[in-house]
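# Analysis of the macromolecular model
Chain by chain, the residues:
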Amino acid sequence: MTDMTGAERHFRALESLYASAPVNALFESRLEIPGEGRSRITFPVTEASYHAAGAAHGTIYFKMLDDAAFYAANTLVTDRFLLTTSFNLHFTKPVRAGEVVAEGHWVSGRKRVFVAEARLVDADGDEIGRGTGTFMRSRIALSGLPGYRVKEQD
């Protein structure tokens, strides 16, 4: 871990922060940050997330799209936690089961307000949803959040 750049340490700490969020105990998922302005969340869709008509409820679409866009944007901010101020969501296809990937990428903004997009792709490679979010810097220091840390390897 000692050979990591500052950016890589920030990315790993954001991944740790995501994993530490209590809400993620309800939604099995894993965040990867491959580089600045990008994120990838992998998660299974199972019957536990279905609405009454037997497909994934929009809650799972929103959560994963918002998280992917949020973390893509927060890769550009090393001192503060961002907050979602708005999110526009489009459902393009229902999904019933299987692994889904939320791919997030930063679009614009580098000071106070950031715009990022995300899309959901099912196991067949089809887009099932997309969204655009606006995020702003909060007063919450990343360094003060217990989950924001780089795990040391054995």
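Use the structure listed above.
Here goes a summary of the coordinates provided. (Residues numbered from 1 in each chain as written. Predicted model: local features only at pLDDT ≥ 70, side-chain atom pairs only at ≥ 80, totals over all residues. Heavy atoms only, no water.)

### Notes on the layout of surface pockets
Where empty space is left becomes clear once a probe the size of a water molecule has been rolled over the atoms. What counts is decided by this rule: We place a 1 Å grid over just the protein atoms. Points where a 1.4 Å probe fits but has no way out form a cavity, open points with protein on both sides within 12 Å along at least 5 of 7 lines form a pocket, and any residue with an atom within 4 Å of a point lines it. Grid points are joined across faces, edges and corners, and a volume is the space filled by probe spheres set on the points. Helix and strand assignments come from DSSP, with helices taken as H or I runs of at least 4 residues and strands as E runs of at least 2, each series counted from the N terminus.
By volume, the largest pocket amounts to about 220 Å³. Along the wall of the largest pocket there are 12 residues; nearest its centre are R12, E15, S16, L31 and K151. At the level of secondary structure, the elements contributing two or more residues to the lining of the largest pocket comprise α1 (6–20) and β1 (30–35). Per element, the largest residue contribution to the lining of the largest pocket is 5 residues, and it comes from α1.

### Some details on the packing of aromatic side chains
The cut-off we apply is this: Two aromatic rings from Phe, Tyr or Trp, using only the six-membered ring of Trp, form a pair when their centres are within 6.5 Å; if the ring planes differ by under 30 degrees the pair is stacked, by over 60 it is edge-to-face, and anything between is tilted. Burial classes: relative accessible area under 20% of the type maximum marks a residue as buried, over 50% as exposed, and values in between as partly exposed (1.4 Å probe, protein chains only).
Considering all chains together, one arrives at 6 aromatic pairs under this definition. Ring centres 5.6 Å apart and planes at 85° place the aromatic pair F62 and F87 in the edge-to-face group. Here the residue F62 occupies a position in helix α2 (residues 58–74), and F87 occupies one in strand β3 (residues 80–91), the gap between them amounting to 25 residues. For F87, a relative accessible area of 18% puts it in the buried group. Centroid distance F70 to F81: 5.2 Å. Interplanar angle 55°. Geometry classified as tilted. Of the two residues, F70 is situated in helix α2 and F81 in strand β3; the sequence distance between them amounts to 11 residues. By relative accessible area, F81 is classed as partly exposed at 22%. Put simply, the rings of Y18, F70, Y71, F81 and F135 pair up and form one aromatic cluster.

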